[in-house]
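As a plain string of letters, each chain reads:
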Amino acid sequence: MNYSLRQLRVFVAVSRYGSFSRAGEAIGLSQSAVSHSMKELEAEMGVRLLDRTTREVVLTDAGLRLANRVEPLLDELHAMLLDTRSFGTQHNGRVRIASSQTISAQLMPQCISGGERQYPDIRILLRDQPQQLVLNSVRNAEVDFGIVIDPGENTDLDCEPILHEPFLMMCREDHPLAALPEVAWQALNGQKLVLQDYASGSRILIDGALKAQKVKAEIAQEIGHPATLFPMVEAGIGISVIPALALPMPEGSRLVVRNLVPEINRVLMLVRRKNRSLSPAAQAIWQVVKEQANLLREKRSQQGMYGL
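Remember, it's a predicted structure, so these values are computed and weren't measured experimentally.

1. Concerning the overall build of the chain
And step 1. For the chain, the helix and strand inventory stands at ten helices and twelve strands.
And step 2. The C-alpha atoms of the chain give a radius of gyration of 32 Å, which is well past the 19 Å a tight globule of 308 residues would have.
And step 3. Principal-axis analysis of the C-alpha atoms gives the chain an extent of 105 × 35 × 25 Å.
And step 4. When the 308 residues of the chain are sorted by exposure, 42% land in the buried category.
And step 5. Residue pairs in contact within the chain that sit at least 24 positions apart in sequence constitute 75% of those at least 6 positions apart.
And step 6. Total accessible area computed for the chain in this model is approximately 16,500 Å², and 49% of it derives from carbon and sulfur atoms.
And step 7. Seen as two clouds, the 34 positive and the 34 negative side-chain charges of the chain have centres 2 Å apart.

2. A look at the domain arrangement of the chain
And step 1. Along its sequence, the chain is carved into domain 1 (5-87), domain 2 (93-162 + 267-303) and domain 3 (165-266).
And step 2. Taking the mean C-alpha position of each, domain 1 and domain 3 sit 74 Å from one another.

3. Details of the pattern of salt bridges
And step 1. Inspection of the entire model under this criterion finds 13 salt bridges.
And step 2. Among the ionic pairs, Glu-222 bridges to Arg-203, the shortest N-O distance being 2.8 Å. With Glu-222 in strand E9 (residues 218-223) and Arg-203 in helix H8 (residues 201-212), this residue pair connects regions lying 19 residues apart in the sequence.
And step 3. In this structure Glu-222 comes out as partly exposed when scored by relative accessible area, which is 44%.
And step 4. In this structure Arg-203 comes out as buried when scored by relative accessible area, which is 3%.
And step 5. Taken together, the shared-partner salt bridges connect Arg-172, Glu-173, Asp-174 and Arg-254 into one network.

4. Structural notes on the pairing of E9
A regular strand places its side chains so that they alternate between the two faces of the sheet.
And step 1. Sheet topology places strand E8 (residues 192-196) next to E9; five bridges connect them, and they run parallel. Its bridge partner lying in E9, Lys-192 is registered against Glu-218.
And step 2. Crossover handedness for the path E8 to H8 to E9: right-handed.

5. Some points on the environment of Ser-279
And step 1. Note that Ser-279 resides in the loop between strand E12 (265-273) and helix H10 (280-302).
And step 2. With 185 residues separating them in the primary sequence, Ser-279 and Arg-94 have C-alpha atoms 9.8 Å apart.

6. Some words on the packing of aromatic side chains
Note on aromatic pairs: each is described by the distance of the centres and the angle between the planes.
And step 1. Considering all chains together, one arrives at one aromatic pair under this definition.
And step 2. A ring pair is formed by Phe-145 and Trp-286, whose centres lie 5.3 Å apart and whose planes are at 70°; its orientation type is edge-to-face. Here the residue Phe-145 occupies a position in strand E5 (residues 145-149), and Trp-286 occupies one in helix H10, the gap between them amounting to 141 residues.
And step 3. With a relative accessible area of 0%, Phe-145 lands in the buried category.
And step 4. Here the basic side chain of Arg-272 rests over the ring of Trp-286, its NZ or CZ set 4.9 Å away from the ring centre.

7. Thoughts on helix H2 (residues 20-27)
And step 1. Here H2 has its buried residues at Phe-20, Ala-23 and Gly-24. The buried residues of H2 occupy an angular sector of 100° when the element is viewed end-on, so they sit on one face.
And step 2. Summarising the contacts, the buried residues of H2 are in contact with helix H1 (5-17), helix H3 (31-45), strand E1 (50-52) and strand E2 (57-59).
And step 3. Once H2 ends, the next one or two residues include Gly-28, with phi positive near 80°.

8. A few points about the environment of Arg-65
And step 1. Following the sequence through the fold, Arg-65 ends up in helix H4 (residues 61-87).
And step 2. According to the relative accessible area criterion, Arg-65 is exposed, its value standing at 54%.
And step 3. Through-space distance from the C-alpha of Arg-65 to that of His-164 is 67 Å; in sequence the pair is 99 residues apart.

9. Brief notes about unusual backbone geometry
And step 1. A cis amide bond links Leu-247 with the next residue in sequence, Pro-248, at an omega value of 5°.
And step 2. Relative to the assigned elements, Pro-248 resides in the loop between strand E10 (240-243) and strand E11 (255-261).
And step 3. In this chain, Val-261 is followed by Pro-262 through a cis amide linkage whose omega measures 0°.
And step 4. Here Pro-262 lies in the loop between E11 and E12.
And step 5. The phi dihedral of Lys-214 falls on the positive side, at around 60°, and the residue is not glycine.
And step 6. With respect to the secondary-structure elements, Lys-214 resides in the loop between H8 and E9.

10. Observations concerning the nonpolar core
Where a protein is soluble and globular, its nonpolar side chains tend to be buried together.
And step 1. Counting 27 residues, the largest nonpolar core has Phe-145, Ile-162 and Ile-285 as the members making the most contacts within it.
And step 2. Only strand E3 (93-99), helix H6 (108-118), strand E4 (122-128), E5, strand E6 (157-172), E12 and H10 provide two or more residues apiece to this core.
And step 3. Sorting elements by how many residues they give to this core places H10 first, with nine residues.
And step 4. In contact with Ile-162, not counting residues within four places along its chain, are Leu-107, Ile-147, Leu-268, Met-269, Leu-270, Val-289, Lys-290, Ala-293 and Arg-297.

Calculation notes
Residues numbered from 1 in each chain as written. Predicted model: local features only at pLDDT ≥ 70, side-chain atom pairs only at ≥ 80, totals over all residues. Heavy atoms only, no water. Helix = DSSP H or I, 4+ residues; strand = E, 2+ residues; numbered from the N terminus. Rg over C-alpha atoms; globule rule 2.2 N^0.38 Å. Buried < 20%, exposed > 50% of the residue type's maximum accessible area, 1.4 Å probe, protein only. Contact = heavy atoms within 4.5 Å. Areas by Shrake-Rupley, 256 points an atom, 1.4 Å probe, with all protein chains shown as cover. Lys, Arg positive; Asp, Glu negative; His and termini not counted. Charge placed at Lys NZ, Arg CZ, Asp CG, Glu CD. Domains from an automatic or database assignment. Salt bridge = Lys/Arg side-chain N within 4 Å of Asp/Glu carboxyl O. Pairing = 2+ DSSP bridges. Right-handed = clockwise from strand over helix to strand, strands pointing away. Phe/Tyr/Trp six-rings, centres within 6.5 Å; stacked < 30°, edge-to-face > 60°. Lys NZ or Arg CZ within 6 Å of the ring centre and 35° of its normal. Arc of directions from axis to C-beta. Core = buried A, V, L, I, M, F, W, Y, C linked by side-chain atoms within 4.5 Å.

This is the structure in structure tokens:
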């Protein structure tokens, strides 16, 4: 049978009001539209539902049986649709985010704090992971979205840039490069470098920058966690190239950072699965992350280039 929800609603209205005209007034249809809808429903069902007279419309036994059953079902369906629409606009529940380590340390605390202030009924859960695991978590729907360094071409992800930040040179305060107001990439030629390993989204970009600037340096150590770079450099094992988001340095350290010229940036991006909608809560926190990244950019712009 090819009957419609609209026909059933018209039928229920007719059974309630006992009149095509009064039913039409109640649901916003003309009398002729109500009559036509009822003829279509009867034809589709193959049974007479209404007895029509010049003064009234009376349900047949089959019509009365249908009305008694379909009316509560339509009421329940209406309530369910209202509940679904309400859920679709709610800003509550859990939002799961994955981000790589420097982002987790320097951007996400402000995002979580700001999100909970704006949306106290949303609980934000953070996964602090290396870049590739963040991307895997997004693809496997283990999180609502992720924040990563530009992952390059990905046909299965939607990416939105939120922050451009430069790479900086970090060395001990007694290193010859510390005396310069800014450091050319070519000055890294022949230097020993302590860099993050390839679990970091930045490493490929740093390798690309060194190659583009024709820098040949010795990789003295490859480090998994960014916080380990600081004691390695302070111990004199080498100098480092770090993203600006790795700042600030540990208090009381003997380390300095300098802008590298020409400026080469990495791009932070929000990522989610392509063609998959975010929940209202996740969409709200997605926007919060964008706002916090913009606030960070404005703050550092006011302070000068990353306070250097």
